Amino acid sequence: MMKGALLTENTTASSPEQTAAEAAYAQALAEERAYVAKLYTRLDEARAETEDKLKKVRKTKSSGSHQNRSERDAYATHYEDRLAALNAVDHRLVFGRLDNDDATTRYIGRIGLATADHERLLIDWRAPEAGTFYQATAFDRQGVRRRRHLMLERRTVTGIEDDVLDSSMLEEAGTLHGEGALLAALNRKRTGRMGDIVATIQAEQDKIIRADLPGVRVVQGGPGTGKTAVALHRAAYLLYSFRERLNNAGVLVVGPSASFMWYIERVLPSLGETGVVMTSLATLYPGLRAVAEKDPEVARLKGDLRMVKAINRAVRDRQKQLEKTKIVTVDTTDLELTPQMVQRAREKARATGKPHNEARETFVKVLLKELGEQLNTKLDEAAGRQVDRPHIEDDVRESMDVRRALNLAWMPLSPETLVRSLFSKRNYLDSALKDFTAQERDRLFRPADAPFTEADVPLLDEAAELLGDFAKVTGAAAAARAAAEHKANLENARKALENVHYELEDRGVEGVVTAEQIALYNETGAQRMTAAQAAQSDRTWAYGHVVVDEAQELSPMQWRLLFRRCPLKSFTIVGDIAQASSAAASSSWKEALGPFVGDRFSLDTLTVNYRTPAQISDAAVAVARAAGQDISAPRAVREGDWAPFITRVQEAELLPKVVEAVTEEVERSAGGLIGVIAAPSNYADVARAVAQAHRGNTGTSQTALENQILVLTPWEAKGLEFDVVIIVEPSELVQAANGSIGDLYVSMTRPTQRLHLIGAGDFPEGLTL
C-alpha cells in the first residue's frame, strides 16, 4: 500500500515534481471541499425537512381512535429519533472516500445521506459496501484502487491522505507523503471525552466490529489497543445491521464507573445511535446509585456465587413457622391459628413455584379459608343452627389480629428491605450464610443504615428475582390497571405501524419505529419515556445485546446479573485479564464465563497499542513483570518523545512537588488533559492541594469532569486516557490493591504523551530510577 497526500497547504516547493504534486493536491482539496459542502447542505436540508414534519405531526390534534393517535405518535417518535441522529453527526460528517475498479466513487461517513430523489451521496460507515474502507489492503484490494482519508475541522476539509492500493494510480499524478490519518488522530490532544475512531478503524478492529450478532464474543487486549472503541463501534454496527431485532429489545452498555460512562457517552450519538442504555455497575439496579465497596474482602465475599444460596435462604427465612398456637380475634370471636395450619399453607404456597411476594397470595388465601371455616363453625354453634355467610372470609381478612399474624408469618418484602436486614441482623446473617465461615460473616455484618454498595447490586437483583413484584401485594389494583392500559396501547400501536411503515418506506425514509416505543410514548402519565428509558427503569427488561467494558473486574455475582439481563446470551465482552485489580475478579475468561456459558464463547485478541507511546508502555510492562504478572505487551505504534519522569521526594515535599508538576504540565501541554491519579488513602489531600493551586480548572469524578485537570482514584481512571498522567505515591496504589500491581499498571498506561511518578515511599521494582 502506497501512502500519498499532504495534511496541510503550507508546503514550500523545492522541485518541479513537488510543485506538480502540490498543484494536484490543491486541486483535489478544492474538489473535496466542494463535495463536502454539498453534503452539509443536504444535511441541513434533511434537518429542516425533519423539523418541519415533526412540527406538523405535533400540531395534529389527538382526536379520533387510539389507532389514529398511535399513528401520529409513530411519526413523532421516528422524526424525533431521526432529528437526534442528524444533530449528533455535524462534526466531521464525512471522513473517507473509495475509488473503485468499476470507476465508481463512494464517500463514507457517520450516517447515510441521499438526495430527495434517492441518489446516494454518503454511505453509512456500517453499511456492507463501506466495509472495504477498513478491510482493503494492497494484497487484497477488494476492488478498491484508492482509499482517501478526509480530515475535517467542523465543516471544513483541512487535509486529505491517500492509501493507493492500485500501483498504476501512482502514474496519474505526483504525490507527497503525509503524517497519516491514524497518527494524526493519535497525536491529537485529548478533550476529556472519548472520541470515536470511525475514520481510523484498523483491519483487526473492523473484523470484530462486523462479527455476527449471536453468541458471546470476548475481546482481549492490553492497554491502548482500542477495546472500548471497538465495543462501542460494534454496538453501533449491530444496531444498524440488526435494527428491527435490537430496536425491540435494546442494547445495554455497562462500564466500571460513573466517570467512565461520562467519558464515553458521546461516542454512540456521534456514530448515529442515540437509543442505547448506558449504565455503570453502580446503577444497574433501577432507582439505585450505589457507592463503592471500600473493603476488597467484603466485595470478594459478596461477589461469590455462594451468595445465590444465601439470598435464597434469606427469603425462605421470612416464610416463618409458628412455634405454638396463636389466638386471633375476629370481631368478638377467638380463633386458633396453629403451627399445623401455617405449615400446610406454607407448603401449598411454595408448591406454586411463584416468587415470595406472589406466592404469599396462596399462603394468605389458604389460611383465610381455614380461619373462615373455623369462624363459621363457632358462629353456627353459638346460633344453634347453620347460617349461610358468603362474606365470612372478608370478615376474617379485616381483622387486625389476623392481618398482623399473617404478616409476621409471611411478610411482603422489597429487595432493599431483605438485603439491608440480612447484613444488619445477626440471626438472619447466621441463618442465611451457612456456607460462609464465622469470620466471613463477621466481615459482612454492617449497620442497618449503611448505604448500598456496588457489591450489593447483584444481591438486590437476586433478591428481586426471588421476591417477585412488590406491587402484587402493595398496589395490585393500580398495577393491573397500568398493565391493561399498556397492553391496549401496544395493540393499537401494532395496528398503526402496519400503515405507517409502508408510508415511510414510500417516502424513502430509513429506520424502524417499534410498537413498544409508540405505546410508551402514547401512555398517559407525568412523563413519557423512550424505549431506552423504559428499559433502564425495568429490572426485568430482556436486552437483545449487552456490551461489557473493563469486564475483567466483574465478580461472579455481577456476571450472573448481566446474563439474566440477556437471556439470549448475546454479548460483546472487552477487557484485559492482566489489568484486573478487583478482589472478586477471575483469573481467566474461562473462569469468569464458565459458570454461565461453559466454553461457548469466542476470543479475539487485539495486538496493537494505539494509545501509549512505547517508552511508557515498556516501563509499565517492566513493572508488571517484575511483580510476577504475566503481561502480553501489545506493540506500540509510536515510540514517544518522553521516557517516564520518576521523582523521589521527602514526605513533606510530596504535595508541593505534585502541584509543581501539574503547573508545569498545564503550561507545557497547552490545553491537553492532565490526569492526577492517587490511592484512596491520600486522594483527598491530593485533590485539595491541586484544586487550591488550580482553582476553577480542576475536577474529580464527583464534580466538573470537563475540566483540564482531573484528580481520580485508579478505579475511576480505568478506561480513560489523558495527554499527561501524574501518579502520586505509586507504592500506595499497590498497597491499596492488597499487593496487586494491577491498579498501578493500569494507571501507568493512561497517558498518550507523558507520565510522571512522584513518591516519598519505595518505588516498585522494574522502574529505572
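Please read all numbers here as calculations on a predicted model, not as lab measurements.

Analysis parameters
- Residues numbered from 1 in each chain as written.
- Predicted model: local features only at pLDDT ≥ 70, side-chain atom pairs only at ≥ 80, totals over all residues.
- Heavy atoms only, no water.
- Pairing = 2+ DSSP bridges.
- Helix = DSSP H or I, 4+ residues; strand = E, 2+ residues; numbered from the N terminus.
- Axes fitted to C-alpha atoms, helices over the stretch in contact; angles between N-to-C directions.
- Contact = heavy atoms within 4.5 Å.
- Parallel < 35°, antiparallel > 145°, perpendicular 65-115°, else oblique.
- Left-handed = near helix turned anticlockwise from the far one by under 90°.
- Nonpolar A, V, L, I, M, F, W, Y, C, P; charged D, E, K, R; others polar.
- Phe/Tyr/Trp six-rings, centres within 6.5 Å; stacked < 30°, edge-to-face > 60°.
- Buried < 20%, exposed > 50% of the residue type's maximum accessible area, 1.4 Å probe, protein only.
- Expected span 1.5 Å × (residues − 1).
- Arc of directions from axis to C-beta.
- Patch = residues over 30% accessible without salt bridge, like charges linked within 9 Å, V, L, I, M, F, W, Y side chains within 5 Å.
- Areas by Shrake-Rupley, 256 points an atom, 1.4 Å probe, with all protein chains shown as cover.
- Salt bridge = Lys/Arg side-chain N within 4 Å of Asp/Glu carboxyl O.
- Lys, Arg positive; Asp, Glu negative; His and termini not counted.
- Charge placed at Lys NZ, Arg CZ, Asp CG, Glu CD.
- Polar contact = N/O pair within 3.5 Å; in protein donor to acceptor, adjacent residues only side chain to side chain.
- Core = buried A, V, L, I, M, F, W, Y, C linked by side-chain atoms within 4.5 Å.
- pLDDT = per-residue confidence, 0-100.

Chemist: Any details on the sheet that holds strand β18 (residues 645–648)? Residues and values, ideally.
Modeler: Across a sheet, paired strands are connected by hydrogen bonds in the backbone, their directions being either parallel or antiparallel. The six strands are arranged β18-β23-β22-β19-β21-β20 in an open sheet whose pairing can be described as parallel. Edge strands, defined here as strands with exactly one partner in the open sheet, are β18 and β20 (698–700). Strand-to-strand twist of the sheet, defined as the mean angle between neighbouring strand axes without regard to direction, takes the value 20 degrees. The strands touched by helix α28 (residues 680–693) within the sheet are β19 (674–678), β20, β21 (709–712) and β22 (722–728), with β21 carrying the most contacts at an inclination of about 160 degrees.

Chemist: Outline the packing of helix α27 (residues 654–669) against α28, listing residues and values.
Modeler: Interaxial distance between α27 and α28 falls to 10 Å at its minimum, and their mutual angle equals 45 degrees. The pairing of α27 with α28 is recorded here as oblique in orientation. Seen from above, α27 lies across α28 with right-handed handedness. Where α27 abuts α28, its residues L655, V658, V659 and V662 lie against D685, V686, A689, V690 and A693. Counted by class, the contact of α27 with α28 contains eight nonpolar, no polar and one charged residues.

Chemist: Provide a residue-level description of the packing of aromatic side chains, including the pertinent values.
Modeler: Under the definition given, this model contains six aromatic pairs. Plain terms: the ring middles of W559 and F563 are 6.2 Å apart, the flat faces sit at 40 degrees to each other, and that makes the pair tilted. Of this pair, W559 and F563 both sit in helix α24 (residues 556–565), four residues apart, which is roughly one turn of that helix. Residue F563 is classed as buried on the basis of its relative accessible area, which comes to 7%. Among the aromatic residues, those joined into a ring-pair cluster are W559, F563, F571 and F596.

Chemist: Pulling in residues and values, what's your account of α27?
Modeler: Relative to the 22 Å expected for 16 residues at 1.5 Å per residue, α27 spans 22 Å between its end C-alpha atoms, a close match to the ideal helical length. Listing the buried residues of α27 in full gives L654, V658, V659, A661, V662, E665 and S669. The buried residues of α27 occupy one face: seen down the axis, they fall within an arc of 160 degrees.

Chemist: Tell me what's going on with the environment of R245, and back it up with residues and numbers.
Modeler: Considering the arrangement of structural elements, one finds R245 in helix α7 (residues 243–249). Separated by 299 residues in the primary sequence, R245 and G544 have C-alpha atoms spaced 7.4 Å apart. Discounting chain neighbours no more than four positions away, the residues touching R245 are L213 and L568.

Chemist: Help me get a handle on a negative patch on the surface, residues and values and all.
Modeler: On the surface, a cluster of negative charge is contributed by D331, E393, D394, D395 and E398. Tracing the sequence through the fold places D331 in the loop between β11 (326–330) and β12 (333–337).

Chemist: So what about the side chain of D576? Which residues, and what values?
Modeler: Within the secondary structure, D576 sits in the loop between β14 (571–575) and α25 (589–597). Despite its burial, D576 pairs with no opposite charge; the closest candidate is K227, at 5.5 Å N-O. Engagement of the side chain of D576 in a polar contact is seen with the side chain of Q220, the distance being 2.6 Å.

Chemist: Got a sec to walk through unusual backbone geometry? Specific residues and values, please.
Modeler: Phi at H118 is positive, roughly 75 degrees, even though this residue is not glycine. With respect to the helices, strands and loops of the structure, H118 is situated in the loop between β4 (113–114) and β5 (120–124). For H118, a relative accessible area of 47% translates into the label partly exposed. Look at K569: it is not a glycine, yet its phi comes out positive at around 55 degrees. For K569, the location among the structural elements is in the loop between α24 and β14.

Chemist: How would you sum up the environment of A34? Please name residues and give values.
Modeler: In this structure, A34 sits in helix α1 (residues 16–59). A residue is classified by how much of its surface remains accessible, and A34, at 49% relative accessible area, is partly exposed. For A34 and V157, which are 123 residues apart along the polypeptide, the C-alpha to C-alpha distance reads 9.4 Å.

Chemist: Run through the nonpolar core, naming residues and quoting values.
Modeler: If you look at the biggest cluster of nonpolar residues, it comprises 64 residues, and the most contacted ones within it are I108, W125, V251, I727, L744, M748 and L757. Per element, the largest residue contribution to this core is eight residues, and it comes from helix α6 (residues 227–241). Ignoring anything within four residues of it in the chain, the contact list for I727 reads I677, L733, L744, S747, M748, L755, H756, L757 and I758.

Chemist: Which residues make up the sheet that holds strand β10 (residues 277–280), and what are the values?
Modeler: With parallel pairing, the six strands of this open sheet are ordered in space as β10-β9-β13-β14-β8-β15. Edge positions in the open sheet fall to β10 and β15 (601–606), since each of these has one partner strand only. Each strand axis lies, on average, 15 degrees off the axis of its neighbour in the sheet, ignoring direction. Note that strand β9 (residues 251–255) and β10 share four bridges and pair parallel. In the sheet register, L252 faces β10, and the bridge partner there is V277. Against the sheet, α24 engages β8 (216–221), β9, β13 (545–548) and β14, with an angle of about 150 degrees to β14.

Chemist: Describe the pairing of β22, with residues and values.
Modeler: Of all the seven residues making up β22, seven are buried; the element is thus mostly covered by neighbouring parts of the structure. As paired strands, β19 and β22 are joined by five bridges and run parallel to one another. Looking at β22, one finds that I677 is bridged to I727. Taken together, the six bridges between β22 and strand β23 (residues 751–759) define a ladder with parallel strand orientation. Paired with F722 across the bridge in β23 is P751.

Chemist: Before we move on, can you summarise the pattern of salt bridges with the specific residues and values?
Modeler: According to the stated counting rule, one finds 46 salt bridges in the structure shown. For E293, the salt bridge identified is with K302, shortest N-O distance 3.3 Å. We classify E293 as partly exposed; its relative accessible area is 22%. Relative accessible area serves as the criterion here: at 1%, K302 is assigned to the buried category. The salt bridge involving R564 is made with E465; its shortest N-O contact spans 3.9 Å. One end of the pair, R564, is in helix α24; the other, E465, is in helix α19 (residues 457–467), with 99 residues separating them in the sequence. Connected through shared salt-bridge partners, D461, E462, E465, R539, R560, R564 and R565 make up one network.

Chemist: An account of the confidence of the model for the chain is needed here, citing residue identities and associated values.
Modeler: The predicted model of the chain averages 81 in pLDDT, with 80% of residues at 70 or higher. A low-confidence stretch, residues 1–13 stays under pLDDT 50, and its non-local contacts, those more than four residues away or across chains, total 51 contacts. Counted against residues more than four places away or in other chains, residues 502–511, with its pLDDT under 50, gives 12 contacts.

Chemist: Which residues make up the side chain of R441, and what values go with them?
Modeler: With respect to the helices, strands and loops of the structure, R441 is situated in helix α18 (residues 438–444). The class of R441 is buried, set by a relative accessible area of 15%. A distance of 3.1 Å separates a polar atom in the side chain of R441 from the backbone oxygen of L433. The residues touching R441, leaving out its near neighbours within four places in the chain, are R426, L429, D430, L433, K434 and F436.

Chemist: Pulling in residues and values, what's your account of helix α16 (residues 415–424)?
Modeler: Across the 10 residues of α16, seven count as buried, placing the element largely inside the fold. Along α16, the residues classified as buried are P415, L418, V419, S421, L422, F423 and S424. On its buried face, α16 sits against α10 (296–302), α11 (306–317), α17 (426–432), α18 and α19.

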